[in-house]
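Structural overview
If you want the building blocks of each chain, they are given just below.
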Amino acid sequence: MREIATELRGLRGALIPILHAVSEELGYVDQLDVPVIADVLNFSVAEVHGVVTFYRDFRREPAGRTTLRICQAEACRSVGAEELAAHAKRRTGVGFGETTYDGKLTVDEVFCLGNCALGPAVQVGDKLHGRVTPARLDALLGEVR
């Protein structure tokens with residue numbers, strides 16, 4: 001991680017690109033890497049930790065093999081996204097930001113998938129789905145589990 005941070009530290013606003021590069025490399029930002037990044041940038045550990053924990057783009061733990069993202073923007077909520085999220089929690093046993101015990105699935109909350117006309121929208125892995133009902137979500141999850 002020191003090598004990544006050192007290579008990118010010359011960029012303007014280098015912390016975010018460094019965190020993205022670390023995330024790309026590991027899939028998350030390990031808490032043990034935060035002091036290393038802080039040292040390279042001459043930041044406090046608290047400053048780096050604050051950015052990692054503020055932005056949803058940065059995970060602090062590895063994600064499951066598949067990620068389910070459920071849009072919670074107003075357009076999707078108005079057509080059942082809250083109920084869909086509750087169904088997903090009952091079905092998987094995990095809430096937003098959590099990973100199943102077997103490491104197969106992480107469930108995340110997002111606030112736009114760019115599919116507002118077809119809400120509620122979900123993304124399973126890298127595939128976007130619209131007008132997702134609880135039954136359809138069960139079918140989608142059955143394909144990845």
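Below or above, wherever it landed, is the structure these notes cover.

Cut-offs and rules
Residues numbered from 1 in each chain as written. Predicted model: local features only at pLDDT ≥ 70, side-chain atom pairs only at ≥ 80, totals over all residues. Heavy atoms only, no water. Helix = DSSP H or I, 4+ residues; strand = E, 2+ residues; numbered from the N terminus. Buried < 20%, exposed > 50% of the residue type's maximum accessible area, 1.4 Å probe, protein only. Contact = heavy atoms within 4.5 Å. Phe/Tyr/Trp six-rings, centres within 6.5 Å; stacked < 30°, edge-to-face > 60°. Axes fitted to C-alpha atoms, helices over the stretch in contact; angles between N-to-C directions. Parallel < 35°, antiparallel > 145°, perpendicular 65-115°, else oblique. Left-handed = near helix turned anticlockwise from the far one by under 90°. Nonpolar A, V, L, I, M, F, W, Y, C, P; charged D, E, K, R; others polar.

A few words now on the environment of R69. Turning to its location among the elements, R69 is positioned in strand β1 (residues 66-71). On the basis of relative accessible area, R69 is assigned to the partly exposed category, the value being 24%. The spacing of R69 and G125 is 56 residues in sequence and 8.2 Å in space, taken between C-alpha atoms. Excluding residues within four positions of it along the chain, R69 makes contact with D108, V110, L113, A121, V122, Q123 and G125.

Right, let's talk about the packing of aromatic side chains for a bit. Applying the stated rule across the entire model yields 2 aromatic pairs. Ring centres of F54 and Y55 lie 4.9 Å apart, and the angle between their planes is 90°; on these two criteria the pair is classed as edge-to-face. Relative accessible area serves as the criterion here: at 62%, F54 is assigned to the exposed category. Given a relative accessible area of 40%, Y55 falls into the partly exposed group. Between Y55 and F58 the ring centres are 6.4 Å apart and the planes differ by 85°, which places this aromatic pair in the edge-to-face class. For F58, a relative accessible area of 6% puts it in the buried group. Linked through ring pairs, F54, Y55 and F58 together constitute an aromatic cluster.

Right, let's get into the packing of helix α3 (residues 34-41) against helix α4 (residues 45-54). It is at 8 Å that the axes of α3 and α4 come closest, and there the two elements cross at 120°. The angle between α3 and α4 falls in the class oblique. Helix-helix and strand crossings are classified by hand; for α3 and α4 the assignment is right-handed. Across the interface between the two elements, V34, P35, I37 and A38 from α3 touch V45, V48 and H49 from α4. Its residues assigned to classes, the contact of α3 with α4 comprises 6 nonpolar, 1 polar and no charged.

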